[in-house]
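As a plain string of letters, each chain reads:
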Amino acid sequence: MSQYRLSYLEQLESESIYIFREAAAQFDKPALLFSGGKDSITMVHLARKAFAPGKIPFPLVHIDTGHNFPEALEFRDKLIQKLQATLIVRKVEDTIRIRKLTEPKGKFPSRNWLQTYTLLDTIEEFHFDCCIGGARRDEEKARAKERVFSVRDEFGQWNPRLQRPELWNIYNGRIHKGENVRVFPISNWTELDIWNYIRKENIELPNIYFSHEREVIEYEGQLVAISDFILPSVEDKVVTKKVRYRTVGDMTCTAAIESNAQSVEEVIHEIVATRISERGATRIDDKVTEAAMEDRKKNGYF
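Keep in mind it's a predicted model, so treat the numbers as computed, not measured. (Residues numbered from 1 in each chain as written. Predicted model: local features only at pLDDT ≥ 70, side-chain atom pairs only at ≥ 80, totals over all residues. Heavy atoms only, no water.)

S.K.: Could you give an account of the nonpolar core, naming the residues involved and the relevant values?
M.R.: In this structure, F20, L32, V44, I132, F149, V183 and W195 are the most contacted members of the largest nonpolar core, which totals 57 residues. Top element by residues in this core is helix α2 (residues 38-51). It accounts for seven residues. Two domains each donate at least three residues to this core, and these are domain 1 (8-192 + 290-298) and domain 2 (205-282). With near-sequence residues (within four places) excluded, L32 lies in contact with F20, M43, V44, F58, P59, L60, V61 and I132. Listed in part, the twelve residues of the second largest apolar core include L33, I88, L114 and I123. (Core = buried A, V, L, I, M, F, W, Y, C linked by side-chain atoms within 4.5 Å. Buried < 20%, exposed > 50% of the residue type's maximum accessible area, 1.4 Å probe, protein only. Helix = DSSP H or I, 4+ residues; strand = E, 2+ residues; numbered from the N terminus. Domains from an automatic or database assignment. Contact = heavy atoms within 4.5 Å.)

S.K.: Quick rundown of the sheet that holds strand β7 (residues 212-219)? Include the residues and the values.
M.R.: Pairing between the strands of a sheet is mediated by backbone hydrogen bonds and can be parallel or antiparallel. Pairing is antiparallel across the open sheet formed by four strands, whose spatial order is β8-β7-β9-β10. Edge positions in the sheet fall to β8 (222-225) and β10 (257-258), since each of these pairs with one other strand and no more. Across five bridges, β7 lies against strand β9 (residues 239-244) in antiparallel orientation. Bridging across to β9, V216 finds its partner in V239. (Pairing = 2+ DSSP bridges.)

S.K.: Before we move on, can you summarise the domain arrangement of the protein chain with the specific residues and values?
M.R.: It is common to give the size of an interface as the accessible area that goes away when the parts come together. Its domain assignment divides the protein chain into domain 1 (8-192 + 290-298) and domain 2 (205-282). Taking only C-alpha atoms into account, the centre of domain 1 sits 24 Å from that of domain 2. Contact with domain 1, which involves 27 residues of that partner, is made by 29 residues of domain 2. Summing the contributions of domain 1 and of domain 2, the shared interface buries around 2,500 Å²; its carbon and sulfur component is 61%. A salt bridge links R214 to E71; its shortest N-O distance comes to 2.8 Å. Our count for the domain 1 to domain 2 interface comes out at eight residue pairs in polar contact (both at pLDDT 80 or more). Secondary-structure elements contributing two or more residues to the side of domain 1 that touches domain 2 are α2, α3 (70-83) and α6 (191-201). The element best represented in the side of domain 1 that touches domain 2 is α3, accounting for four residues. Taken together, the residues of the side of domain 1 that touches domain 2 sort by class into nine nonpolar, nine polar and nine charged. (Buried area = accessible area lost by both parts, 1.4 Å probe. Salt bridge = Lys/Arg side-chain N within 4 Å of Asp/Glu carboxyl O. Polar contact = N/O pair within 3.5 Å; in protein donor to acceptor, adjacent residues only side chain to side chain. Nonpolar A, V, L, I, M, F, W, Y, C, P; charged D, E, K, R; others polar.)

Shown next as structure tokens:
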């Protein structure tokens with residue numbers, strides 16, 4: 001009698017589903033952080049599988065900077081309606097007003113740094129003890145330091161030197177009052193794994209992940225979309241190019257890449273051929289300092 005062996009993608013899926021179920025079992029008030037990007041859409045798909053035939057047993061939380069791609073917001077609302085899931089939206093602009101924070105200035109006034117305040121306020125408001133995120137270890141070197149269950153202290157801060165061992169896929173969710181755990185079910189996935197899984201499962205995505213024409217300016221070798229949120233200078237030349245997005249963040253900090261890929265298969269071929277990482281190619285805010293992401297994570301960022 002032959003023994004069936006799981007494929008690589010099936011192994012990743014099985015591990016992620018196990019992590020989702022562990023999070024639901026170990027925590028009283030978990031929440032799934034949702035941005036409308038391909039990773040969080042894949043996470044929702046995995047969560048549906050983990051708890052089928054029931055509904056996803058925790059809310060989806062979107063920390064809205066106000067600088068989102070309209071296509072991502074439209075897709076978010078369409079998906080939530082289809083799932084009949086609970087969506088909690090908290091806006092960074094409300095946090096700026098309430099806390100009297102300083103609005104970012106400059107050509108690309110990104111609110112990414114301010115998302116942390118809104119996230120921590122949301123955790124406190126709803127008493128979430130676990131936030132499930134879509135970070136992957138291949139994205140950025142600070143992400144690679146994370147455990148699957150990553151503990152934050154009572155101030156929402158992360159200490160990379162105080163990570164718990166996770167031997168034999170045993171995850172420790174025990175925390176003191178006021179602490180919070182970030183859980184990363186797709187931590188062991190790569191960008192290519194995500195796209196191969198999207199192809200396998202026929203997962204629908206926002207159309208900005210595929211080639212389309214868009215007005216952009218070139219900034220330090222990157223293509224940044226023209227929008228109401230950026231302040232181009234008189235020297236900036238606006239051109240129309242065929243582009244797609246490898247990752248979807250704010251319009252103020254996410255660059256496009258030139259591409260003719262109009263299908264999942266064509267996107268996969270592009271990823272296989274490239275030598276530049278997803279965030280390295282498209283995220284302007286990660287280039288502020290060498291440790292930009294780690295500094296944000298230490299302060300409570302996703």
